[in-house]
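Next come the chains, spelled out residue by residue.
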Amino acid sequence: MIHTTLIIGGARSGKSVYAETLLTAGAALYLATGQAFDDEMAARIRLHMDRRGPTWSTIEEPLELPQALDRHLDPARPILVDCLTLWISNLMHAGRDVGCETEALAEVLATARGTVVLVSNEVGLGLVPETRLGRDFRDHQGRVNQRIAQICHRVVFVAAGLPLVLKDSV
Ligand SMILES: Nc1nc2c(ncn2[C@@H]2O[C@H](COP(=O)(O)OP(=O)(O)OP(=O)(O)O)[C@@H](O)[C@H]2O)c(=O)[nH]1
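Residues numbered from 1 in each chain as written. Predicted model: local features only at pLDDT ≥ 70, side-chain atom pairs only at ≥ 80, totals over all residues. Heavy atoms only, no water.

**Digging into helix H6 (residues 132–151)**
Working step 1: Between its first and last C-alpha atoms H6 spans 29 Å; for 20 residues at 1.5 Å apiece the expected length is 28 Å, and the two agree.
Working step 2: Buried within H6 we find Gly 134, Gln 141, Val 144, Asn 145, Ile 148 and Ala 149. Take H6 and look down its axis: the buried residues cluster within an arc of 125°, on one side only. For H6, the exposed residues lying more than 90 degrees away from the buried face are Arg 132, Arg 143, Gln 146 and Gln 150.
Working step 3: Residues of H6 that are buried in the fold lie against strand S1 (3–9), helix H4 (84–93), helix H5 (98–110), strand S5 (115–121), strand S6 (154–159) and strand S7 (162–168). (Helix = DSSP H or I, 4+ residues; strand = E, 2+ residues; numbered from the N terminus. Expected span 1.5 Å × (residues − 1). Buried < 20%, exposed > 50% of the residue type's maximum accessible area, 1.4 Å probe, protein only. Arc of directions from axis to C-beta. Contact = heavy atoms within 4.5 Å.)

**Details of the site of the ligand**
Working step 1: The full set close to the ligand counts 22 residues, and Lys 15, Ser 16, Arg 44, Glu 60 and Asp 82 are the nearest of them.
Working step 2: Within the contact set of the ligand, an oxygen atom lies 3.4 Å away from a backbone nitrogen or oxygen of Gly 14.
Working step 3: For the ligand, a nitrogen atom lies 2.8 Å from a polar atom in the backbone of Gly 34.
Working step 4: Against a free-state accessible area of 670 Å², the protein chains account for coverage of 93% of the ligand. (Near = heavy atom within 4 Å. Polar contact = N/O pair within 3.5 Å; in protein donor to acceptor, adjacent residues only side chain to side chain. Areas by Shrake-Rupley, 256 points an atom, 1.4 Å probe, with all protein chains shown as cover.)

**Some remarks on unusual backbone geometry**
Working step 1: At the junction of Asp 82 and Cys 83, the peptide bond is cis and its omega measures out at 5° in the coordinates.
Working step 2: You can see Cys 83 is positioned in the loop between strand S4 (79–82) and H4.
Working step 3: Backbone geometry places Arg 12, a non-glycine residue, at a positive phi of 55°.
Working step 4: Along the chain, Arg 12 falls in the loop between S1 and helix H1 (15–21).
Working step 5: Among the residues examined, Arg 12 registers a relative accessible area of 63% and is labelled exposed.
Working step 6: Even without glycine at this site, Ala 160 takes up a positive phi of about 50°.
Working step 7: Among the secondary structure elements, Ala 160 is positioned in the loop between S6 and S7.

**Concerning the packing of H5 against H6**
Working step 1: It is the contact of H5 with H6, at a shortest axis distance of 10 Å, that shows an interaxial angle of 20°. The pairing of H5 with H6 is recorded here as roughly parallel in orientation. The crossing of H5 and H6 is right-handed. Contact residues: Val 98, Thr 102, Glu 103, Leu 105, Ala 106, Leu 109 and Ala 110 in H5; His 140, Val 144, Arg 147, Ile 148 and Ile 151 in H6.
Working step 2: Across the contact of H5 with H6, the residue classes break down as 8 nonpolar, 2 polar and 2 charged. (Axes fitted to C-alpha atoms, helices over the stretch in contact; angles between N-to-C directions. Parallel < 35°, antiparallel > 145°, perpendicular 65-115°, else oblique. Left-handed = near helix turned anticlockwise from the far one by under 90°. Nonpolar A, V, L, I, M, F, W, Y, C, P; charged D, E, K, R; others polar.)

Below, the structure written as structure tokens:
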């Protein structure tokens, strides 16, 4: 089956747990974009790893997501990408063009052979960020979500651990 799903939601909305339930642990590949820059992030990552357990295969790729996805796409093994938000943040940090990178990702997804579930944050529902960097990040996040939502067959919004299907074109 060729199938792409985008799952969006706020922080601690349960979006990652929901995404994991869509895939069979032993048969899926976890593609992580997060980096343990400090102890707190390291602890968050450890929680995720403990929850997933040893049956998941994991690849860590903070920047070259389109290439990594393309390389590992396999009709026999679904991929969970967690998450686009940290990928955007990493790209901004590295001075990369988020728009170009998003197009590269969209291209890989549009021609994907296999099942891909992508997790992303829905931001911008609160106050306008005080800093220019914060506002730029918020805008990138909104544009990335829109672009990837166009490409994906299914889009699900998770709030309070509950899924709301926004798009289903399977
Ligand atoms: N490098 C690396 N990062 C990981 C791994 N497992 C999870 N992560 C990262 O940890 C991040 C999750 O951070 P959290 O702050 O707990 O997530 P959250 O968005 O607040 O919570 P949820 O809504 O529940 O998903 C993910 O975006 C992953 O990129 C791993 O094995 N390696």
